[in-house]
Amino acid sequence: RAHLDAVEQLNPRLNAYITVTPELALAQAEAADAAIARGEAGPLAGIPLAIKDLFCTAGTRTTAGSKILGNFVPPYESTVTAQLLRDGAVFLGKANLDEFAMGSSNLSSAYGAAENPWKRAGEPDTVLVPGGSSGGSAAAVAARLALGATATDTGGSIRQPAAFCGVTGIKPTYGRCSRYGIIAYASSLDQAGPVARTVEDCAILLRSMAGFDPKDSTSADRAVPDFAAAVARGVKGLRIGIPREYRLEGLSPEIDALWQQGMEWLRAEGAELVEISLPHAGHALPTYYIVAPAEASSNLARYDGVRFGLREDGRDLKELYERSRAAGFGAEVKRRILIGTYVLSAGYYDAYYVKAQQVRALIKRDFDEAWGKVDAILTPATPTAAFGRDETQDDPVAMYLNDVFTITANLAGIPGMALPAGLDAKGLPLGLQILGRPFDEETLFAIGG
Ligand code: GLN
């Protein structure tokens, strides 16, 4: 009830939730109470969560932040949310996001952008973006409108909003969480994970979210460790890599100082810092912005106005498709569909898509080689603190630069955690990122803890 009251009070301004489900939440809370009374409480009994509106929730509208799914009520539950419910969690509602998870600011949500609860010192009227695409999830956790949240990360969408809102988020290894029932953006990159206030909370949530699922052919058949047990392990003896290529030209002194501070903390706790090289990191951004739109253009072909979602009338089937898609999709989604169909088209497939896949393999190989020398890698999470809603240029490429530190993890399939590590001169949170070996989230929890 305390969380629902807070949502009622603050959500009209923050817009962190697209849909709030108070009756459902109270019913789930009562069921959790009863389970506790019977001595059968699950590990998340009564814990109130925000669910990114990309996870299908049976009987609760799921929009993906898009007009085209404005009337979509899924008949089934995603595996991740089903596992959270199994463990006793309470769902407060569906969190705001960039349309189809495409974006870094929440500005592309068809339901209005979520707002970052943080303010720059001395600028109470400047509205800051919460990051994206999981901006609603991060804003809800930061503003105490949920104890934790689910999110997804295709190129940074868990880690960048976590960093912008001063909370913790982890993108696990590709295949760790089932993608069944999560509305697809780029299937070879999409991965679910938690956002929460602490590293330990993320560990507890991830344990419930993860696990093999025969309904997702890319789900990994690996045992799920007790991630929370790793949090207190410490970093003594760990070798932590500092990638030379991430020291970008023009990196702000503030972000550089944060990174140095992170290195100092780890050294003081007994870790060894090792300079490493990821020679193809500089190609990650263009590679991602070919692979992700290519997969998106294919995944989004299903929104044709016929099977489900928004339908506009047309004289014939083709016109019905065209009008439904023209009215249902926003500008950024249309841009990605155009890029994606272009790079997949017969004349350009080899030059763009195949080339990008080859570079992707090189980016992954860089990491494989690094794991021979180090146990984890430390980098900044984002190149800047949260920016103002009105400070975003209309230049899409400037927006894509937000992902420069985070997208390599998706291209390589490795886990990455973002956690709050300091404040900038204006008092805004800044985040560090820890990358790790495939299926070694425990080391990330140990370092983060
Ligand atoms: N900002 C990136 C994009 O727009 C990443 C989004 C995501 O991880 N879902 O594609």
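With respect to the site of the ligand
Here's step 1: Near the ligand, the surroundings consist of 15 residues, among which T154, G155, S157, Y185 and Y288 are the closest.
Here's step 2: With respect to the ligand, the backbone of G156 contributes an N or O atom lying 3.3 Å from an oxygen atom.
Here's step 3: Here an oxygen atom of the ligand and a side-chain polar atom of Y288 are 2.7 Å apart.
Here's step 4: Here the ligand loses 100% of its free accessible area of 290 Å² to cover by the protein chains.
Here's step 5: Counted by class, the shell around the ligand contains 5 nonpolar, 7 polar and 3 charged residues.

Topic: the packing of helix 6 (residues 199-209) against helix 15 (residues 441-448)
Here's step 1: Put simply, helix 6 and helix 15 touch, their axes get as near as 9 Å, and they point 160° apart. It follows that helix 6 is roughly antiparallel to helix 15 by the angle criterion. Crossing hand, helix 6 versus helix 15: left-handed. Each of V199, C202, A203 and L206 in helix 6 lies in contact with helix 15, whose residues at this interface are E441, F445 and G448.
Here's step 2: Within the contact of helix 6 with helix 15, the residues separate by chemical class into 5 nonpolar, 1 polar and 1 charged.

Focus: the side chain of D375
Here's step 1: As for its position among the elements, D375 is in the loop between helix 12 (349-370) and strand 9 (376-380).
Here's step 2: Exposure remark for D375: the relative accessible area of 13% places this residue in the buried category.
Here's step 3: A polar side-chain atom of D375 sits 3.5 Å from a polar atom in the side chain of R437.

Overview of the side chain of R179
Here's step 1: Summarising the element assignment, R179 is placed in the loop between strand 5 (168-171) and strand 6 (191-196).
Here's step 2: Not counting the four nearest positions on each side in its chain, R179 is found in contact with Y174, S187, D190, D216 and T218.

What about the pairing of strand 5?
Here's step 1: Of the two faces of strand 5, the one lined by T168 and I170 and the one lined by G169 and K171 are each fully buried.
Here's step 2: Bridging between strand 5 and strand 6 involves 2 bridges; their strand directions are antiparallel. When the bridges of strand 6 are listed, G169 appears paired with V195.
Here's step 3: In this sheet, strand 10 (residues 416-423) lies alongside strand 5 in antiparallel orientation, the contact comprising 3 bridges. Its bridge partner lying in strand 10, G169 is registered against A418.

Let's talk about the pattern of salt bridges
Here's step 1: Going through the model one piece at a time under the given rule, you end up with 24 salt bridges.
Here's step 2: Between E115 and R13 there is a salt bridge, with the nearest N and O atoms lying 2.9 Å from each other. With E115 in the loop between strand 3 (90-95) and helix 4 (135-142) and R13 in helix 1 (residues 2-14), the pair connects residues that are 102 residues apart, well separated along the chain.
Here's step 3: In this structure E115 comes out as buried when scored by relative accessible area, which is 7%.
Here's step 4: By relative accessible area, which is 44% here, R13 ends up partly exposed.
Here's step 5: Note that R315 and E319 form a salt bridge whose closest N and O atoms lie 2.5 Å from each other.
Here's step 6: We classify E319 as buried; its relative accessible area is 12%.
Here's step 7: Among the charged side chains, a salt-bridge network with shared partners connects R120, E123, E391 and K426.

What counts, and at which threshold
- Residues numbered from 1 in each chain as written.
- Predicted model: local features only at pLDDT ≥ 70, side-chain atom pairs only at ≥ 80, totals over all residues.
- Heavy atoms only, no water.
- Near = heavy atom within 4 Å.
- Polar contact = N/O pair within 3.5 Å; in protein donor to acceptor, adjacent residues only side chain to side chain.
- Areas by Shrake-Rupley, 256 points an atom, 1.4 Å probe, with all protein chains shown as cover.
- Nonpolar A, V, L, I, M, F, W, Y, C, P; charged D, E, K, R; others polar.
- Axes fitted to C-alpha atoms, helices over the stretch in contact; angles between N-to-C directions.
- Helix = DSSP H or I, 4+ residues; strand = E, 2+ residues; numbered from the N terminus.
- Parallel < 35°, antiparallel > 145°, perpendicular 65-115°, else oblique.
- Left-handed = near helix turned anticlockwise from the far one by under 90°.
- Contact = heavy atoms within 4.5 Å.
- Buried < 20%, exposed > 50% of the residue type's maximum accessible area, 1.4 Å probe, protein only.
- Pairing = 2+ DSSP bridges.
- Salt bridge = Lys/Arg side-chain N within 4 Å of Asp/Glu carboxyl O.

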